[in-house]
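Residue-level structural notes
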Amino acid sequence: MPLINRATLPQEFFDFTSTMLLTQPEPKYLHAKLIKSALGASFNASGLLGFMPGREFGDKGAPYMTDAAAEAARLSLSDDLYDQSVQVISQLGSAPGQTVRMNRPSYANTTYTEASREVPSGSTVSVSPITVSSEQVPITIKRFAGPYDQANARVAPYGIDRFDSSVMLHKPAQIVALNLKRDFDRALDSWGVGLFDNAATTVRPNGMVNDNTSVLAGSFPFSYRLMQQTETELDVLNIPTFANGKRAMVLHPRQCEQLAQDAQFNRLAVFERDFNPLFKGAYWRSCGNFDIFKSTTLTTVNNANNVNIHYAQAFGPGGVGCGVGEMPRTAYNTQDNYGETALVIWLWYAGFATLDNRFIARITTD
């Protein structure tokens, strides 16, 4: 006997979509915040759709998630880091010229013994001069855009139809704005991670020759000894500290878990309750010469043995530089089908460079 149910009588059933939005788990994008904090710049994509008055639309419907709500919904494991982590190149983007070159003194180490510098009575000091030299680092302004069409490997717009948007449940302009901002932050964070991954020093646990040494996850964990070794490497290179006398270390949550199991670390690590509130959620512990932070977007590579290798970062101020030629903005295509279609992307004129990779150390563990 057939039953009266949704399958046999679908006309009697109705699905209703609530205007309430659920939270999508998202990282905090520490490196994006780090760069934006140094630049004092952010991307605001709010507003209507359409490239000129009279052709704007997208404000009908229930409110969608705002920028502030999106920030609050992101996983609070990362937050603003020290502004001095990124050196701002204010001249970048100022006409004329597309590239700014910065000089760095290059000192030659010679002989410094007392005997070598003594000028005995009656001797003549040489009149042949020696030279001094400088290093030079370029940073070039470029045009960046998003979002990205993964299927066709190119930047492509979000497209919104005016007619259909007039009957949508949520405001389409806010839907697009939220996705644009998320794409911008994710791209910027990825660039920041890459800049700080460009380290001159790589620190590994004892016995770990390279990323492929590990054949079993957890065989080369993060430890207090590894932290001490990293501190020594940066000290030997005379890398400066931040204003609080410490350097920054950014760890993957898996590395924090391993470090928390180290008895020596637990004896020496402290949690500064009065730490700058800007770092709430990101700040984890202080130990030795490091303030330690968490990030879920650090580089993780899968080695030849199918083991995930996590790249932690330790650095002092000034290793990375960036500059802005024009603030990030929303851009519209003028081919809008008589105002019936909006094609929208974000655009940014900016430049990024690792100014001195000696200021950065990479710590690899499994």
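To be clear, the structure that these remarks concern was listed above.
A brief structural summary. (Residues numbered from 1 in each chain as written. Predicted model: local features only at pLDDT ≥ 70, side-chain atom pairs only at ≥ 80, totals over all residues. Heavy atoms only, no water.)

1. Section: the overall build of the protein chain
What the protein chain contains, in helices and strands, is 8 helices and 16 strands. Out of the 366 residues belonging to the protein chain, those deemed buried represent 41%. For the protein chain, the share of sequence-separated contacts (at least 6 apart) that also reach a separation of at least 24 residues comes to 80%. Summed over its atoms, the accessible surface of the protein chain is roughly 20500 Å², and 51% of this surface lies on carbon and sulfur atoms. (Helix = DSSP H or I, 4+ residues; strand = E, 2+ residues; numbered from the N terminus. Buried < 20%, exposed > 50% of the residue type's maximum accessible area, 1.4 Å probe, protein only. Contact = heavy atoms within 4.5 Å. Areas by Shrake-Rupley, 256 points an atom, 1.4 Å probe, with all protein chains shown as cover.)

2. Overview of the environment of L268
For L268, the position within the fold is in helix 8 (residues 263–268). Of the residues examined, L268 reaches a relative accessible area of 45% and is grouped as partly exposed. Separated by 44 residues in the primary sequence, L268 and Y224 place their C-alpha atoms 9.4 Å from one another. Ignoring anything within four residues of it in the chain, the contact list for L268 reads Y224, S286 and C287.

3. Section: the nonpolar core
F222, M227, F265, I292 and F352 are the most contacted members of the largest nonpolar core, which totals 56 residues. Here the element with the most residues in this core is helix 5 (residues 172–197); it accounts for 7 residues. Excluding anything up to four places from it in sequence, F352 contacts I35, I139, T140, F144, L188, W191, L195, G321 and C322. Counting 8 residues, the second largest nonpolar core, distinct from the first, contains L92, V100, V137 and I139. (Core = buried A, V, L, I, M, F, W, Y, C linked by side-chain atoms within 4.5 Å.)

4. Overview of the packing of aromatic side chains
Evaluated as defined, the whole model comprises 8 aromatic pairs. Taking the centre distance of 5.0 Å and the plane angle of 90° together, the rings of F184 and W346 count as edge-to-face. Taken as a pair, F184 in helix 5 and W346 in strand 15 (residues 341–354) lie far apart in primary sequence, 162 residues in all. The same class applies to F184 as to W346, namely buried. Through successive ring pairs, a cluster of aromatic residues spans F144, F184, W191, W346, W348 and F352. (Phe/Tyr/Trp six-rings, centres within 6.5 Å; stacked < 30°, edge-to-face > 60°.)

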